[in-house]
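Here is how the chains run, residue by residue.
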Amino acid sequence: MRGLTLHRRAIHAVLAMFALVGAFVLMTAPAARAGENTFVEVTPNSAQAGTRLTVRANCDNANNQQATVHSDAFGRVVLRPEGGFLTGAVTIPGNKQAGDYPVDLRCANGNTASAMLTVLNMAQPSKGPATGGGGTAGDRGAGSLLLVGGLTVVAVVAGLGVFGGNRRRTRPGS
């Protein structure tokens with residue numbers, strides 16, 4: 001019985017500890033102010049050089065005024081109010097170096113936000129690989145020899161069929 005009492009005391013002590021830690025966390029957390037909601041999004045956030053991007057932002061209570069976005073990846077873009085947000089579009093220059101570029105938002109009300117854009121600059125192949133061996137391959141190789149050999153066999157078989165069909169059949173004893 002004594003073990004059960006100790007067990008209950010241990011559970012109560014652990015619960016009290018969780019309550020104290022929870023109260024401390026709640027008391028030290030900064031109070032959230034209503035309306036603080038400033039952000040910027042870039043879609044896609046990882047794109048090939050030469051790709052067109054969409055930029056969407058929220059400037060708290062100033063979404064009815066224009067804002068600007070700047071990045072070394074594409075320069076300066078003006079965002080305009082649309083559907084409750086600020087939006088704009090921009091194209092990454094085709095010769096932009098690959099890397100991570102910050103995208104910085106500056107709102108009319110002074111709020112700022114930032115996002116990261118990853119620019120990819122992978123070389124694009126100009127044509128398919130020359131694997132060869134197919135019927136449309138440009139080199140005269142084994143494919144051409146097989147084609148000529150096959151046509152020869154068909155011609156020989158057809159000739160034997162014609163020759164064998166024209167032969168008279170003779171019956172023994174006639």
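Residues numbered from 1 in each chain as written. Predicted model: local features only at pLDDT ≥ 70, side-chain atom pairs only at ≥ 80, totals over all residues. Heavy atoms only, no water.

### Quick word on the overall build of the protein
Moving on, step 1. Each helix and strand in the protein was counted, giving 2 helices and 8 strands.
Moving on, step 2. Its helices and strands in sequence order give the protein the pattern α-β-β-β-β-β-β-β-β-α, from N to C terminus.
Moving on, step 3. Going through the 174 residues of the protein one by one, you find that 19% of them count as buried.
Moving on, step 4. Partitioning the contacts of the protein with sequence separation of at least 6, the portion at a separation of at least 24 is 55%.
Moving on, step 5. Of the roughly 13300 Å² of accessible surface on the protein, a fraction of 59% belongs to carbon and sulfur atoms. (Helix = DSSP H or I, 4+ residues; strand = E, 2+ residues; numbered from the N terminus. Buried < 20%, exposed > 50% of the residue type's maximum accessible area, 1.4 Å probe, protein only. Contact = heavy atoms within 4.5 Å. Areas by Shrake-Rupley, 256 points an atom, 1.4 Å probe, with all protein chains shown as cover.)

### Section: the confidence of the model for the protein
Moving on, step 1. Summarising the model, the protein shows a mean pLDDT of 75, and 58% of its residues fall at 70 or more.
Moving on, step 2. Overall, residues 14-35 carries pLDDT values under 50, and its contacts beyond four positions in sequence, including any with other chains, amount to 1 contact. (pLDDT = per-residue confidence, 0-100.)

### A few points about the nonpolar core
Moving on, step 1. Of all hydrophobic cores here, the largest spans 26 residues; its most connected members are Val40, Leu53, Val69, Phe74, Leu79, Leu105 and Leu117.
Moving on, step 2. Of all elements in the fold, only strand E1 (38-43), strand E3 (52-59), strand E4 (67-71), strand E5 (75-82), strand E6 (85-91), strand E7 (99-106) and strand E8 (112-120) reach the threshold of two or more residues within this core.
Moving on, step 3. Ignoring anything within four residues of it in the chain, the contact list for leucine 53 reads Val42, Thr43, Pro44, Ala47, Phe74, Gly88, Ala89, Val90, Ile92 and Leu117. (Core = buried A, V, L, I, M, F, W, Y, C linked by side-chain atoms within 4.5 Å.)

### With respect to the side chain of serine 71
Moving on, step 1. Along the chain, serine 71 falls in strand E4.
Moving on, step 2. According to the relative accessible area criterion, serine 71 is buried, its value standing at 1%.
Moving on, step 3. There is a polar contact of 2.9 Å between the side chain of serine 71 and the backbone oxygen of proline 102.
Moving on, step 4. Non-local contacts of serine 71, meaning those with residues more than four positions away in its chain, are made with Tyr101, Pro102 and Val103. (Polar contact = N/O pair within 3.5 Å; in protein donor to acceptor, adjacent residues only side chain to side chain.)

### Details of the pattern of salt bridges
As a working rule, side chains carrying opposite charge can pair if their charged atoms are close by.
Moving on, step 1. Across all of its chains, the model carries 1 salt bridge by this definition.
Moving on, step 2. Its salt-bridge partner being glutamate 41, residue arginine 56 comes within 2.9 Å of it at the nearest N-O pair. A residue pair is termed long-range when its members are at least 10 positions apart, and arginine 56 in strand E3 and glutamate 41 in strand E1 qualify at 15 residues.
Moving on, step 3. Overall, the relative accessible area of 29% leaves arginine 56 in the partly exposed class. (Salt bridge = Lys/Arg side-chain N within 4 Å of Asp/Glu carboxyl O.)

### Brief notes about the sheet that holds E8
Strand pairs in the sheet, formed through backbone hydrogen bonds, run parallel or antiparallel to each other.
Moving on, step 1. Sheet architecture is open: 8 strands sit in the order E1-E3-E6-E5-E4-E7-E8-E2, paired in mixed fashion. Among the strands making up the open sheet, the edge pair consists of E1 and strand E2 (46-48). Within the sheet, the average angular offset between the axes of one strand and its neighbour, ignoring direction, is 25°. (Pairing = 2+ DSSP bridges. Axes fitted to C-alpha atoms, helices over the stretch in contact; angles between N-to-C directions.)

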